[in-house]
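Chain and residue survey
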Amino acid sequence: MDEVVIRSTTVICVRRDGQVAMAGDGQVTVGNTVMKHGAAKVRRLYHDKILAGFAGSAADSFALFGRFEAKLEEYRGNLERSVVELAKDWRMDKYLRQLQAFLIVANDEKAFLISGTGDLIQPDDGILAIGSGGSFALAAARALMNHTTLSASEIAAESMKVAASICIYTNDHITVETL
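1. Some words on the overall build of the protein chain
Scanning the protein chain for helices and strands turns up five helices and eleven strands. Each of the three principal axes of the protein chain carries a C-alpha extent, and together these read 40 × 40 × 30 Å. Residues counted as buried form 49% of the 179 residues belonging to the protein chain. Of all intrachain contacts in the protein chain linking residues separated by at least 6 positions in sequence, the fraction that spans at least 24 positions is 63%. Surface accessibility of the protein chain: about 8,900 Å² in total, with carbon and sulfur atoms responsible for 49%. Here the protein chain carries 19 positive and 22 negative side-chain charges, and the mean point of each set is 4 Å from the other.

2. What about the layout of surface pockets?
One simple way to see leftover space: roll a probe sized like a water molecule over the atoms. The computed volume of the second largest pocket comes to approximately 220 Å³. What lines the second largest pocket is a set of 15 residues, among which Leu113, Leu128, Ala129, Ile130 and Leu138 lie closest to the centre. Those elements giving two or more residues to the lining of the second largest pocket turn out to be β10 (127-131) and α4 (134-147). When residues in the lining of the second largest pocket are grouped by element, the largest group, five residues, is from β10.

3. Let's talk about the side chain of serine 82
Checked against the element boundaries, serine 82 lands in helix α2 (residues 79-92). In this structure the side chain of serine 82 is engaged in a polar contact, spanning 3.2 Å, whose partner is the backbone oxygen of lysine 71. Only 2.8 Å separates the side chain of serine 82 from the backbone oxygen of asparagine 78, close enough to count as a polar contact.

4. Considerations on the nonpolar core
The nonpolar side chains of a soluble globular protein tend to be buried, and buried together. Of all hydrophobic cores here, the largest spans 19 residues; its most connected members are Phe68, Val105 and Ile114. Put simply, the parts of the chain that give this core at least two residues each are β6 (50-56), α1 (58-74), α2, β7 (101-106) and β8 (111-115). The element best represented in this core is α2, accounting for five residues. Setting aside residues up to four positions removed in sequence, isoleucine 114 forms contacts with Val83, Leu86, Ala87, Trp90, Phe102, Leu103, Val105, Asp119 and Leu120. Counting residues in hydrophobic clusters, the runner-up holds 15 residues, among them Ile12, Val14, Ala21 and Ala156.

5. A word on the side chain of threonine 10
By the secondary structure assignment, threonine 10 is in strand β1 (residues 10-16). In this structure the side chain of threonine 10 is engaged in a polar contact, spanning 2.5 Å, whose partner is the side chain of threonine 170. If we skip the residues at most four places from it in the chain, threonine 10 touches Ala23, Gly24, Asp25, Ile130, Ser132, Gly133, Gly134, Ala137, Met160, Ala163 and Thr170.

6. Some words on unusual backbone geometry
For tyrosine 46, which is not a glycine, the phi torsion comes out positive at approximately 40 degrees. Inspection of the secondary structure puts tyrosine 46 in the loop between β5 (42-45) and β6. Relative accessible area serves as the criterion here: at 17%, tyrosine 46 is assigned to the buried category. In this structure, histidine 47 takes a positive phi of about 60 degrees despite not being glycine. The residue histidine 47 is located in the loop between β5 and β6 in this model. Residue classification places histidine 47 among the exposed positions, given a relative accessible area of 57%.

7. Regarding the pattern of salt bridges
Taken as a whole and judged by the stated rule, the model has seven salt bridges. Two residues, lysine 88 and glutamate 85, come together in a salt bridge whose shortest N-O distance is 3.3 Å. Taken together, the positions of lysine 88 and glutamate 85, both in helix α2 and three residues apart, correspond to about one turn of that helix. Assessed through its relative accessible area of 41%, lysine 88 is described here as partly exposed. A salt bridge links arginine 142 to aspartate 125, with the shortest nitrogen-to-oxygen separation between them at 2.7 Å. Linking arginine 142 in helix α4 with aspartate 125 in the loop between β9 (120-121) and β10, this pair joins segments that are 17 residues apart in sequence.

What counts as what
Residues numbered from 1 in each chain as written. Predicted model: local features only at pLDDT ≥ 70, side-chain atom pairs only at ≥ 80, totals over all residues. Heavy atoms only, no water. Helix = DSSP H or I, 4+ residues; strand = E, 2+ residues; numbered from the N terminus. Buried < 20%, exposed > 50% of the residue type's maximum accessible area, 1.4 Å probe, protein only. Contact = heavy atoms within 4.5 Å. Areas by Shrake-Rupley, 256 points an atom, 1.4 Å probe, with all protein chains shown as cover. Lys, Arg positive; Asp, Glu negative; His and termini not counted. Charge placed at Lys NZ, Arg CZ, Asp CG, Glu CD. 1 Å grid on protein atoms, 1.4 Å probe; cavity = no way out; pocket = protein on both sides within 12 Å on 5 of 7 lines; lining within 4 Å. Points joined across faces, edges and corners; volume = space filled by probe spheres on them. Polar contact = N/O pair within 3.5 Å; in protein donor to acceptor, adjacent residues only side chain to side chain. Core = buried A, V, L, I, M, F, W, Y, C linked by side-chain atoms within 4.5 Å. Salt bridge = Lys/Arg side-chain N within 4 Å of Asp/Glu carboxyl O.

Here's what the structure looks like:
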């Protein structure tokens, strides 16, 4: 099976001390050209009780947001049931399998990474990251979590700054949402 390589954006989710924060950069890249600096890739869903962020093709990501929001409505905001059903659909539906995107979704209790290969990952340490700068942000967040007393939103923002300083597909126009 071919590995999906997402060469666009960075999104991170950090949980600490009862707070969950999700941050994303604003860069939109087409090929080797930056087309936009201030896109919103992290947003609040289902009566502002759920955070969601995407990496990958914008059109594909918006299609997934729409499907995920429909699942949230269908299952009355039950995050776990909604992500399981979306992951099943994504894996089984021929159209959805073609989408080039990843989602991170979180509420005040849980967070999940959802991919088109049917992966549904819940972190051990409360940190998830996706996108081309995801590994940089993840490493920074883990270090900050272990060696500082920063809040979840501060760790998310600082981790994004690190990723933006390394990854050419990530910029420093950062959006942070917190629950």
